[in-house]
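# Structural characterization, general
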Amino acid sequence: MAPIRTLLSGLLGAAALLIPVHPSTAAEDGRTVEYRGLRLTVPGDWRVVDLDRNPGACLRLDLPTLYLGHAGTQTECTGRAVRSRADTLHLEPLDGAPQRADIPTVRVEVPGGIPEPQSESNEVRYALRRSGVMATLAYGTTPDAVRGLLAGARTADSAAPGAPGAPGAPGAPADPASAVAGPKPVRAQAPFTGAGFDACTAPTQRAMDGWRAASPFGAVGIYIGGRARACAQPRLTAGWVRRQAEAGWHLMPLWVGPQPWNDPATGLSADPSQANQEGMEAAEGAVTVARSLGLTEGTVLYNDLENYTDRTTWDPPVVAYLTAWTVRLHELGYRAGAYVAASSGAKALSAHHDQAPEAMPDVLWVAVWNGRASVSDADTGLPARTHQWAGRRRAHQYRGDHDDTHDGVTLNIDSSWIDIDPAAAGGPARGRPLFS
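In this text the structure is predicted, and so the values were computed from the model without any measurement. (Residues numbered from 1 in each chain as written. Predicted model: local features only at pLDDT ≥ 70, side-chain atom pairs only at ≥ 80, totals over all residues. Heavy atoms only, no water.)

### Section: helix α2 (residues 144-151)
Applied cut-off: Summary of the burial criterion: residues with accessible area below 20% of their type's maximum are buried, those above 50% are exposed, and those between are partly exposed, where the area comes from a 1.4 Å probe applied to protein chains only. The numbering of helices and of strands both runs from the N terminus, where a helix is a DSSP run of H or I of at least 4 residues and a strand a run of E of at least 2. This arc describes the spread of directions from the helix axis toward the C-beta atoms. Throughout, a residue-residue contact means that at least one pair of heavy atoms, one from each residue, lies within 4.5 Å.
For α2, the complete set of buried residues consists of V146, L149 and L150. Take α2 and look down its axis: the buried residues cluster within an arc of 95°, on one side only. Where α2 is buried, its residues contact β2 (38-41), β5 (88-93), β7 (123-128) and β8 (133-138).

### Focus on the layout of surface pockets
Note the cut-off: Both site types are read off a 1 Å grid over the protein atoms alone. A 1.4 Å probe that fits but cannot get out defines a cavity, while an open set with protein on both sides within 12 Å along at least five of seven lines defines a pocket; lining residues have an atom within 4 Å of a point. Grid points are joined across faces, edges and corners, and a volume is the space filled by probe spheres set on the points. In this classification, the charged set is Asp, Glu, Lys and Arg, the nonpolar set is Ala, Val, Leu, Ile, Met, Phe, Trp, Tyr, Cys and Pro, and all remaining amino acids, among them Gly, are polar.
Roughly 220 Å³ of volume is contained in the second largest pocket. Contributing to the lining of the second largest pocket are 13 residues, with S119, E120, N122, Y139 and T141 lying nearest its centre. Looking at the lining of the second largest pocket, its residues break down into five nonpolar, five polar and three charged.

### Regarding the side chain of D102
Counted only if it meets this: Any pair of N or O atoms that falls within 3.5 Å is considered a polar contact. Within protein, one atom must be able to donate a hydrogen and the other to accept it, and sequence-neighbouring residues count only if both atoms are side-chain atoms.
Relative to the helices and strands, D102 resides in the loop between β5 and β6 (105-108). Polar side-chain contacts of D102 include one of 2.8 Å to the side chain of R100. At 2.9 Å, the side chain of D102 forms a polar contact with the side chain of R229.

### So, the sheet that holds strand β9 (residues 154-155)
In plain terms, the rule: Should DSSP find at least two bridges between two strands, the strands are regarded as paired.
Read across the sheet, three strands follow the order β1-β2-β9 without closing on themselves; strand pairing throughout is antiparallel. Edge positions in the sheet fall to β1 (32-35) and β9, since each has one partner strand and no second. The sheet contact formed by β2 and β9 spans two bridges and is antiparallel. Residue pairing for β9: R39 is matched across the bridge by R154.

### Focus: the environment of D362
In this structure, D362 sits in the loop between α7 (345-352) and β15 (363-367). D362 sits 32 residues away from H330 along the chain, and the two C-alpha atoms are 9.8 Å apart. Excluding its chain neighbours within four sequence positions, the residues that come into contact with D362 are H330, R335, A336, W389, R393 and A425.

### Focus on the pattern of salt bridges
Note the cut-off: Here, a salt bridge means any Lys or Arg side-chain nitrogen found within 4 Å of an Asp or Glu carboxyl oxygen.
Enumeration over the complete set of coordinates arrives at 18 salt bridges. A salt bridge links E331 to R328; the shortest N-O distance between them is 2.9 Å. You can see E331 and its partner R328 sitting in helix α6 (residues 311-331), three residues apart, about one turn around the helix. A single network of salt bridges, built from pairs that share partners, joins R100, D102, E123 and R229.

### So, the pairing of strand β13 (residues 300-304)
To keep it simple, the criterion reads: Look down the strands so they point away from you; if the path from the first strand over the helix to the second goes clockwise, the crossover is right-handed.
The element β13 is extensively covered by neighbouring structure, given that five of its five residues are classed as buried. Of the pairings in the sheet, the one linking strand β12 (residues 250-255) to β13 comprises two bridges and is parallel in character. Residue pairing across strands places L254 opposite Y302, the latter belonging to β13. On the question of chirality, the crossover connecting β12 to the parallel β13 by way of helix α5 (residues 272-293) is right-handed. For β13 and strand β14 (residues 335-341), the ladder comprises five bridges, and the chain directions are parallel. Looking at β14, one finds that D304 is bridged to Y339.

### What about the state of the cysteines?
So the rule is basically this: The criterion for a disulfide is a pair of cysteine sulfur atoms lying within 2.5 Å.
Scanning the entire structure with this criterion turns up two disulfides. Here C58 pairs with C77 through a disulfide, and the sulfurs are 2.0 Å apart. Disulfide C58-C77: torsion about the S-S bond near 95°, hence right-handed. Here C58 is found in the loop between β3 (47-50) and β4 (65-68), whereas its partner C77 is found in the loop between β4 and β5, with 19 residues between them in sequence. Relative accessible area serves as the criterion here: at 6%, C77 is assigned to the buried category. C200 shares a disulfide with C231; S-S distance 1.9 Å. Every disulfide takes its handedness from the sign of the S-S torsion; for C200 and C231 that torsion is 100°, giving right-handed. On the criterion of sequence distance, the pair formed by C200 in the loop between β10 (192-198) and α3 (205-214) and C231 in the loop between β11 (217-225) and α4 (238-246) is long-range, its members being 31 residues apart.

### Some points on the packing of aromatic side chains
Here is the rule we go by: Classification of ring pairs uses Phe, Tyr and Trp, with its six-membered ring standing for Trp, and accepts pairs whose centres are within 6.5 Å; under 30 degrees between planes counts as stacked, over 60 as edge-to-face, and the remaining range as tilted. Charge over a ring is defined by NZ of Lys or CZ of Arg lying within 6 Å of the ring centre and within 35 degrees of the ring normal.
Evaluated as defined, the whole model comprises six aromatic pairs. Joined through ring pairs, the aromatic side chains of F197, W211, F217 and W249 make up one cluster. Positioned over the ring face of W249 is R212, at 5.4 Å from the centre of the ring.

### Topic: the sheet that holds β13
How we decide: An axis is simply a line fitted to the C-alpha atoms; with a helix, the fit covers only the stretch in contact. Between two such axes, the angle follows the N-to-C directions and lies from 0 to 180 degrees.
Judged by pairing direction, the barrel is mixed, and its eight strands sit side by side in the order β10-β11-β12-β13-β14-β15-β16-β17 before closing back on the first. Ignoring which end each strand starts from, the neighbouring axes of this sheet average 35° apart. Across the sheet, α6 lies against β12, β13 and β14, angled at about 160° from β14, the strand it touches most. α7 rests against β14 and β15 of the sheet, and its axis sits at about 125° to β14.

Written out as structure tokens, the structure is:
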């Protein structure tokens with residue numbers, strides 16, 4: 001999460017993740033893959049990453065890739081938002097697939113029955129019951145290509161119902177996509193002043209426990225969805241959220257919606273009226289995921305909106321988008337936060353603050369990498385002695401994209417200083433967005 005940051009690192013190491021196209025069989029052209037009874041053909045420009053052999057590999061959403069196996073530690077993940085999303089497909093055994101709450105999971109019997117996905121984050125999972133495989137699709141502008149790739153997969157006889165390990169067979173594991181009761185609401189945002197961090201993907205429980213005991217951090221930013229999210233979140237379950245809340249972490253859920261750049265998949269509309277609609281849709285998508293994760297009403301949900309330089313073009317739609325985001329979250333019972341750069345989004349919101357203070361985000365999280373752990377007016381780029389977002393309603397990301405190690409666990413993080421009391425930010429209330 002940083003001004004105009006995309007996933008750039010890892011390209012030099014990508015060759016280490018590329019494997020001969022198997023683990024079962026492959027055509028000479030390296031495009032036909034067989035995995036647990038499924039045989040499918042991938043485009044020639046796709047990477048194929050064996051996660052069993054490369055547990056640290058990042059499930060990146062900006063490079064066309066077929067991922068095979070359960071996700072590992074994802075220690076190679078960097079970046080937070082991407083300008084361009086790619087088509088990706090992740091195949092893993094249904095047995096042991098996590099009960100993800102951030103994207104929808106649909107049960108189907110055979111690959112040919114893949115329905116049209118509906119997802120605000122351009123990601124959806126299909127539990128292929130006859131094959132015993134969980135397939136996670138991520139896509140850029142439309143899902144047609146990757147959906148067609150999966151729908152065209154051929155199923156071997158060994159994956160028929162009743163085969164060993166197939167869902168429904170004697171002794172087979174329960175289908176992780178089966179309907180279960182919704183998670184119990186969890187409060188994960190006690191008042192907090194201190195250091196926090198965010199990482200591209202939710203860290204392992206081993207990392208969270210070790211860092212809770214040995215690091216100076218007490219808050220963690222988690223990317224819960226959005227069309228510009230950079231990394232998949234295979235560990236993001238309601239259980240993961242509850243465990244971190246019970247351990248005392250202050251959670252800061254981030255939605256990476258449309259961005260102030262021109263891209264058909266991840267770009268924000270330059271038309272303020274359309275940006276207003278996109279802000280409402282982003283709020284609805286974020287609340288759907290927050291509820292699936294068990295985050296109770298009143299939780300501050302943050303919209304990650306990256307830096308931009310053309311303020312003449314982007315200030316009006318950015319303000320329209322973030323005020324609509326705020327108003328719709330309030331209507332749905334949640335509080336609103338905005339992650340913005342000091343040189344762009346923060347200035348735009350500040351300039352319009354007094355026109356509609358009730359529609360402004362309740363909490364402002366400002367990125368300016370000056371190395372100062374402070375939420376002062378100067379360090380957040382706000383006017384001197386301002387009343388704007390005063391009184392424990394600010395966070396400051398003061399250092400970006402660096403490795404940090406605690407208790408023997410290294411993560412790539414951004415560091416922030418946080419001074420937030422959600423109650424001080426006010427409760428959900430109705431307002432009117434600007435440029436509506």
